[in-house]
There are 2 protein chains.
Amino acid sequence: MKIAFVLFDGMTTLDFSGFFDAMTQLNRVPGTGGVSWRFCALTERIVDDRGLAMQANAVAGDLTDFDLVFVPGGMATRQLRHDETFLAWLRTAEGVPWKASVCTGALLMGAAGWLNGKRATTNKSAYELLAPYCSEVVRERYVRDDRVFTGGGVSASIDLGLFVAESLYGTAAAKEVGRLMDYPYYQFQSA
Amino acid sequence: MKIAFVLFDGMTTLDFSGFFDAMTQLNRVPGTGGVSWRFCALTERIVDDRGLAMQANAVAGDLTDFDLVFVPGGMATRQLRHDETFLAWLRTAEGVPWKASVCTGALLMGAAGWLNGKRATTNKSAYELLAPYCSEVVRERYVRDDRVFTGGGVSASIDLGLFVAESLYGTAAAKEVGRLMDYPYYQFQSA
């Protein structure tokens, strides 16, 4: 499993890092086959919505060859969803089998066309903005529709990570991830 | 409230970012007086335990003039707690009024001498390592002893952030932070 973590200026770091922690912990769980990942952006240096600068290690590259693409949110998404340069780059992930977003990252997945006909969620403050991009805005903490996963606001990033881990690798693997993260709150789909 | 976020090579990003998100959301909550922050490290570029490079904007500077110093964890703390250069730098925060750690960041606070005679917690895997540094290892998600706050493993970072926000700014302010973070799990100390 090769994951593209999409980063952009004005993103919210916790949107990214909850999911990032959960999915990368899978490398410590036997039987998952392991995961690898790149930090993907249009520029090498990106700065989050509170001034934290991070460094991408896959810059402006084609996203075709990943198995999962992840898109965090942040206030910047409200403008970025109209940025044709960004969208053209994001759409290079069109054929990536699994897609996930947290918070207003759903607006970017929506603008890319990936939520057409799908049920999806986002930050509570952006339900109306999301509506035109999908078939139904689901007011849940996370939702899966086929191979597209979306999560709610900011801290839902951890829950979405465990949900994706459970969906792709099974409950036992996800429980081990939850233990490693010391996260008692996620409700597993099976016992 | 001026916060020093300590960063170091091999840290766990979610240890940092949960607390970071909660405390910096206080800027969106009226009546708190606002918060400011710096990303503090011994080198300008630091790389987390999964390869994410971040940029400090207060490099090798004296930490005296902050109101709160925050220390995340990560496997690297097991070595770093014996690194005299790092500890000498961290100890420049000795007089900082409020101190907080998540996960094995407690080992660094302990090595700095800040947990002497205090009750503290850490990642479940490090309870025994923490014991020599404090009066009692508390097996809770977060604990306060006077002006020192410690949190448990990784995802406890969000809970600790809300606990510190509530302790310093009151329940109403912390509830607004929890709403902004879309975090339904933290148990507030009062209604």
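Residues numbered from 1 in each chain as written. Chains lettered and ligands numbered in written order. Predicted model: local features only at pLDDT ≥ 70, side-chain atom pairs only at ≥ 80, totals over all residues. Heavy atoms only, no water.

Okay, the UniProt feature "domain: DJ-1/PfpI" (unreviewed entry) in chain A next. Sites flagged by UniProt as "domain: DJ-1/PfpI" (unreviewed entry) map to residues 1–165 of chain A. Between the end C-alpha atoms of residues 1–165 of chain A there is a gap of 11 Å, over a span that is 27% helix and 24% strand. (UniProt positions renumbered as here; feature names shortened; annotations may be inferred. Helix = DSSP H or I, 4+ residues; strand = E, 2+ residues; numbered from the N terminus.)

Attention shifts here to the interface of chain A and chain B. How big an interface is tends to be reported as the loss of accessible area on association of its parts. Counting residues at the interface gives 34 residues for chain A, matched by 34 residues for chain B. Both faces combined, the contact of chain A with chain B buries some 2900 Å², and carbon together with sulfur accounts for 55% of it. The largest contributions to the chain A side of the interface with chain B come from Arg50(A), Asp182(A) and Tyr185(A), which together make up 25% of the buried area. Seen at the junction of chain A and chain B, the total is six salt bridges. Among the salt bridges present, the one from Asp182(A) reaches Arg141(B), with a minimum N-O distance of 3.9 Å. Counting across the chain A and chain B interface gives 25 residue pairs in polar contact (both at pLDDT 80 or more). (Contact = heavy atoms within 4.5 Å. Buried area = accessible area lost by both parts, 1.4 Å probe. Salt bridge = Lys/Arg side-chain N within 4 Å of Asp/Glu carboxyl O. Polar contact = N/O pair within 3.5 Å; in protein donor to acceptor, adjacent residues only side chain to side chain.)

Turning to the pattern of salt bridges, a few remarks are in order. Two side chains bearing opposite charge may form a pair once their charged atoms approach each other closely. The tally for this structure, following the rule as stated, stands at 16 salt bridges over all chains. Linking Glu84(A) and Arg91(A) is a salt bridge whose minimum nitrogen-to-oxygen distance equals 3.9 Å. Members of the salt-bridge network, linked through shared partners, are Lys124(A), Arg141(A), Asp159(A) and Asp182(B).

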